Amino acid sequence: MQTAAHESISDDIHLLGNLLGEAIKGLAGEDAFALVEEVRASAKDLRADASPEAARKLRDRLGELGLADLRTLIRAFTVYFDLINLAEQQARVRAIRAHLRAADPSRADESPESALKQLRDRGIDADQIAEHLGRALICPVFTAHPSEARRRTILDKLSAIAHDLDRLEDALIVPRERERAVAAIAEEVETLWLSDMIREARPTVEDEVRQSLGVVEKNLLDVIPRVYRTIETALGRVYPGRDWKIPPFLRFGSWIGGDRDGHPGVSADTTARAVRLQQVDLLKHYLGRMEDLWRSLSHSDRLGRAGAALHASLIEDGKLFPEIVASNPHEPYRTKCKVIAARLRRTLEFLGGAADLDWTGGDGPAGPGIYLGRRELLRDLNLIADDLGQAGARAAASGAIREMIRLVEVFGVHLLTLDLRQHSARHTAALDEVFKRAGVCPDYAGLTPDGRFDVLAKELESTRPLIPAHLDYSPETTEVIRTFRTVTALLERQCPEVIDKYIISSTTEPAHLLEVLLLAREARLFRPLDGVSLLDIVPLFEALEPLQTASPIMERLFALPVYRRHVELRGDFQEVMIGYSDSSKESGSLQSAWALYRAQRDLVETGHKVGVTMQMFHGRGGAVGRGGGPANRAILAQPRGTVDGRLRITEQGEVIADRYGHPGIAERHLEQLVHAVLHTSFPDEGELPDPAWIEILDRLAPAACRHYRGLVYEDPDFLDYFRQATPIEEIVQLKIGSRPSKRGKSTSLDQLRAIPWVFSWMQCRHTLPGWFGLGGAIDEFLRESPESLATLQAMYRRWPFWRTLIDNTQMILAKADMTIARLYADLVDDRALADRVFGRIDAEHAQAVGVIGQITGQRELLEQMPILRRSIDRRNPYVDPLSFIQLVLLKRLRSGEGPPDETLTGVLESINGIAAGLKNTG
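This write-up is about the structure you can find in this document. Bear in mind the structure is a predicted one, so any value in this text is a computation, not a measurement. (Residues numbered from 1 in each chain as written. Predicted model: local features only at pLDDT ≥ 70, side-chain atom pairs only at ≥ 80, totals over all residues. Heavy atoms only, no water.)

**Some words on the overall build of the chain**
Our working rule: Helix and strand labels come from DSSP, where a helix needs a run of H or I of at least four residues and a strand needs a run of E of at least two; each type is numbered from the N terminus. As defined in this context, the radius of gyration uses C-alpha atoms, and a globule is described by 2.2 Å times the residue total to the power 0.38. We call two residues in contact when some of their heavy atoms are within 4.5 Å. Areas reported here follow the Shrake-Rupley algorithm with a probe of radius 1.4 Å; residue values treat only the protein chains shown as occluding.
Broken down by element type, the chain carries 38 helices and ten strands. Relative to its length of 922 residues, the chain is compact, with a C-alpha radius of gyration of 29 Å against a globular reference of 29 Å. Expressed along its principal axes, the backbone C-alpha trace of the chain runs to roughly 85 × 80 × 60 Å. If you take every contact in the chain between residues at least 6 apart in sequence, the share linking residues at least 24 apart comes to 82%. As displayed, the chain has an accessible area near 35700 Å², and 50% of this comes from carbon and sulfur atoms.

See below:
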């Protein structure tokens, strides 16, 4: 099977490569094509002699070329990578289809049926599964983190090519249809060649909302009903004799338009517009589905009367829509579909004026017949489905109407549930001003953490209002308050389900949660006397120390009656977000991973003591240096008892297109998430870590942190090396996201966001954030005892956490190239500094490769992952020239040689190309 798939991917690459070659000849000329082939062949030869001297020779050859030729080469290799990525995507789709054609679907790896069968064989019965699914939640959350380097225009063209590649897979395709599909691909390849690769203007938040909506509408709205049907079918196979109708435990969220942490472009008005854009898009989609249902459900009451419930509802509908109800008296389902469509249109008309709402609150939407939330729409749809079932039309009852019901259960009338996020310092500063004005405290911000906690605890027990209706505060404080008032207005007047979480970045003390609770109370979002609390208050623990003190922080809050009352009103659930990016940048990948593991265990135990269910929200990036890697394996690697059926996880940047850009891959990815959550919620005793292993990680993690910080934070020359040997200063000029790359104006490493930090190290082929420190720490451990290696090998075989950590590390090590990284070190002005710092990095890389080989029993990296190994080998002859070109252009740009604007554009285009080649940004 692997051989056939490999041959098929080779066929796709050959087809796409030939079409690109023809496009280059036709649009850039034969000389340009010859140059591309010459450079590609030279780079391939370089792989046989991977010495710095040979690499410098090719770099210098490229340095002789003019800017126009260099940009032509960048374009050629970048488009090639985009096409290679499509061929690999098609190979994944082909493999998925092979699984689906298998005689026994339960044997397909990482499918829901496979997980259910394993659980059944271990003695988990149907009642336990039903109870589990009844309280389960799996929620991918889309964010606009700026790690998707490709323009939406490019993504759309690649999607069109993917569609035509899919057509070529049809076994029944006739020659003329194949010719048309190939011609369509050729047209798109030509257009790709002639399209700008990088954005001229930074996208707005609304642009990012629209981009996410494109992914959701194009794929997810069709995929989700299929995923649920697959799960219910699997349940029926594995646990027969039960009518499985599972609740909507798989849902989706978004930060786009709600994440205001360090983002001056996100305001209360921005959030309101983002909500409206989502609603309008979804309701238009629903309208299309209702029109299809109207065409389909032509059942006549002359052949079977409508049930009493449907008949009564149509009488009520006649009061609002008399013409619709009277126009078709003998086709009740069509009439009901028309009524639902009319209500959807009326809701859309209301939203057309929603942008002009007074965001101080209100008594509900103007006018009857509007769908405010999912409840009434579900009631109307279920009336149709239930009546069809009672009439014996079981196929219709379980067909398109059931898919529509499932969509409304999952997406409501709002689409993606929007999270709000703000930095804790903004709340502290706002309340400092409010307290001064109200005479509560003259210097709240200047108090100790305990002092702030006491002031807030006292104010939360009070019932007097602190904030007047008219806001006469600084713009910053006013904006914080307006954000909460906007949430109130949206929930009361537009959609009660669209926002339910407020995330606090940089949570370091209990007062940070109480500040948000007080601001929520002032906006009527927390009314304990009425038994109302409308927002989950979610701390984000992201740096090492907050992760280590997360459990004591939550323990103190649970002991405070007013906060415990809030948690009780939220169903005795407390969500906690753990951040992978900042902790990894601060302490290295191994220490970060272990601190996150420890924090989860401690938090869940803290919740158990007081009867609170702790729900984890994993803020994982796309790259390994930001907690990335295969999502299903990451879930399986979580500590026992910390998932328990409930999990939220971020999907960021380039990961969104990779996992959700093709419907077949999106479906497979979601099924893998369900498999992993099911499996880890009922852990196998054989996968529990030995207590001795915990002790080993307690030693390895700080040792790795010491190595990492010794270079990154304690070497006085490291920052100079970083700024000169990486394209960090150029990356921050890429217009790939609306959010600034730094918090504030400081140039320190602490203020640099994790995405450009990881992005820059990927570009210069060091990939340092994903592995530095691990090799040195493990090497020290192995020297202590002859038995140490056997222990680490046993951990790799039996402990998912350790296995996932090691496998992710070897993947990112394999994407590094120390020969090319050495050339980036040549960009550093001080040669002695460059030699010293690079020498340290190179030695640690060699150590990491060596110890991973010992632990995994491999002679070379990725030996046991041949598909990934082949993918990297396939790309290297094309990534390498882009790196050399980038080196040439960086040197010219920084020395002032050549036209600065055009040279910078060339550098930015090379960044885009290398990101496509490595399939990683930040």
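**With respect to the sheet that holds strand β8 (residues 573-579)**
For the record, the criterion: What makes two strands pair is DSSP finding at least two bridges between them. Axis definition: a line fitted to C-alpha atoms, over the contacting stretch in the case of helices. Angles run 0 to 180 degrees between N-to-C directions.
Taken in spatial order, the eight strands of this closed barrel run β1-β2-β3-β4-β7-β8-β9-β10, and their pairing is parallel. Its contacts with the sheet place helix α27 (residues 663-681) against β1 (137-143) and β10 (646-652), and it is angled at close to 135° to β1.

**Focus on the packing of aromatic side chains**
The condition is simple: Each Phe, Tyr or Trp ring (for Trp, its six-membered ring) is paired with any other whose centre lies within 6.5 Å, and the angle between the two planes then decides the class: stacked below 30 degrees, edge-to-face above 60, tilted in between.
Across all of its chains, the model carries 26 aromatic pairs by this definition. Summarising the aromatic geometry, the rings of W757 and W761 are spaced 5.8 Å apart at their centres and angled 85° between planes, so their arrangement reads as edge-to-face. In this pair, W757 and W761 are both assigned in helix α31 (residues 754-763), four residues apart and thus about one turn of the helix distant. Chaining the aromatic ring pairs together yields one cluster made of W594, Y597, W693, W799 and F801.

**Considerations on helix α8 (residues 175-193)**
Selection rule: Helix span, expected: 1.5 Å multiplied by one less than the number of residues in the helix. Burial here depends on accessible area, computed with a 1.4 Å probe over protein chains only, as a share of the maximum for the residue type. Under 20% is buried, over 50% is exposed, and the range in between is partly exposed. This arc is taken over the directions from the axis of the helix to the C-beta atoms.
With 19 residues, α8 extends 27 Å between its outermost C-alpha atoms, agreeing within 8% with the 27 Å of an ideal straight helix rising 1.5 Å per residue. Buried within α8 we find A181, V182, I185, V189, L192 and W193. Looking down the long axis of α8, one finds its buried residues gathered within 120° of arc, a one-sided arrangement. For α8, the exposed residues set more than 90 degrees away from the buried face come down to R176, E179, R180 and E187.

**Quick notes on the pattern of salt bridges**
To keep things clear, this is the line we draw: The salt bridge definition used is simple: a Lys or Arg side-chain nitrogen within 4 Å of an Asp or Glu carboxyl oxygen.
Throughout the structure, instances matching the rule amount to 74 salt bridges. The shortest N-O distance in the salt bridge between R47 and D817 comes to 2.6 Å. Separated by 770 residues along the polypeptide, R47 in the loop between α2 (30-46) and α3 (52-63) and D817 in the loop between α34 (800-815) and α35 (818-825) bring together distant segments of the chain. Accessibility expressed as a relative area gives 37% for R47, which makes it partly exposed.

**Here's the deal with the side chain of R822**
So the rule is basically this: Polar contact is the term for a pair of N or O atoms within 3.5 Å; when the atoms are in protein, one must be able to donate a hydrogen and the other to accept it, and sequence-neighboring residues count only if both atoms are side-chain atoms.
Inspection of the secondary structure puts R822 in helix α35. Looking at R822, its side chain comes within polar contact range of the side chain of D835, at 3.0 Å. Not counting residues within four places of it along the chain, the set of residues in contact with R822 comprises P52, R56, R831, A834, D835 and F838.

**Comments concerning the packing of helix α21 (residues 544-558) against helix α24 (residues 589-610)**
Our working definition: Throughout, the term roughly parallel applies to angles under 35 degrees, roughly antiparallel to angles over 145, roughly perpendicular to angles from 65 to 115, and oblique to all others. Gly falls in the polar group here, along with every residue not listed as nonpolar (Ala, Val, Leu, Ile, Met, Phe, Trp, Tyr, Cys, Pro) or charged (Asp, Glu, Lys, Arg).
The N-to-C vectors of α21 and α24 enclose an angle of 10°; their axes lie 8 Å apart at closest approach. Taken together, the axes of α21 and α24 lie roughly parallel to each other. Residues L544, L547, A550, S551, M554, E555 and F558 of α21 touch α24, and the partners they reach there are Q591, A595, L596, A599, D602, L603, T606, G607 and V610. A breakdown of the residues in the contact of α21 with α24 according to their chemical character gives ten nonpolar, four polar and two charged.

**A word on helix α32 (residues 774-784)**
Since the α-helix advances by 3.6 residues per turn, residues separated by three or four positions end up pointing in the same direction. Most of α32 sits out of view: eight of its eleven residues are buried. Of all the positions in α32, only L774, G775, G776, A777, I778, D779, F781 and L782 are classed as buried. Against the buried residues of α32 lie α28 (691-712), α33 (788-798), α34 and α36 (831-856).

**Some words on the nonpolar core**
Basically, it comes down to this: Working definition of a nonpolar core: buried Ala, Val, Leu, Ile, Met, Phe, Trp, Tyr and Cys residues. They are joined through side-chain atoms within 4.5 Å.
Of all hydrophobic cores here, the largest spans 154 residues; its most connected members are F252, F411 and Y563. Sorting elements by how many residues they give to this core places helix α9 (residues 205-238) first, with 15 residues. Discounting chain neighbours no more than four positions away, the residues touching F411 are L221, I224, F252, L282, Y286, R374 and L416.

**Let's talk about unusual backbone geometry**
Positive phi outside glycine occurs at L415, with the angle close to 85°. Positionally, L415 belongs in the loop between α16 (400-411) and β3 (417-423). Overall, L415 belongs to the buried group, its relative accessible area being 2%. Of note, D572 is a non-glycine position whose phi angle comes to about 60°, a positive value.

**Quick word on the environment of D292**
Checked against the element boundaries, D292 lands in helix α10 (residues 268-296). The exposure class assigned to D292 is partly exposed, which follows from its relative accessible area of 47%. C-alpha separation for the pair D292 and P786, spaced 494 residues apart in sequence, amounts to 70 Å.

**Here's the deal with the pairing of β3**
In terms of burial, β3 is largely enclosed, as six of its seven residues are buried. Relative to β3, strand β2 (residues 253-254) runs parallel, the two being bridged by two bridges. Following the sheet pairing, G253 is matched in β3 by T417. Both β3 and strand β4 (residues 501-505) contribute to a ladder of five bridges, which runs parallel.

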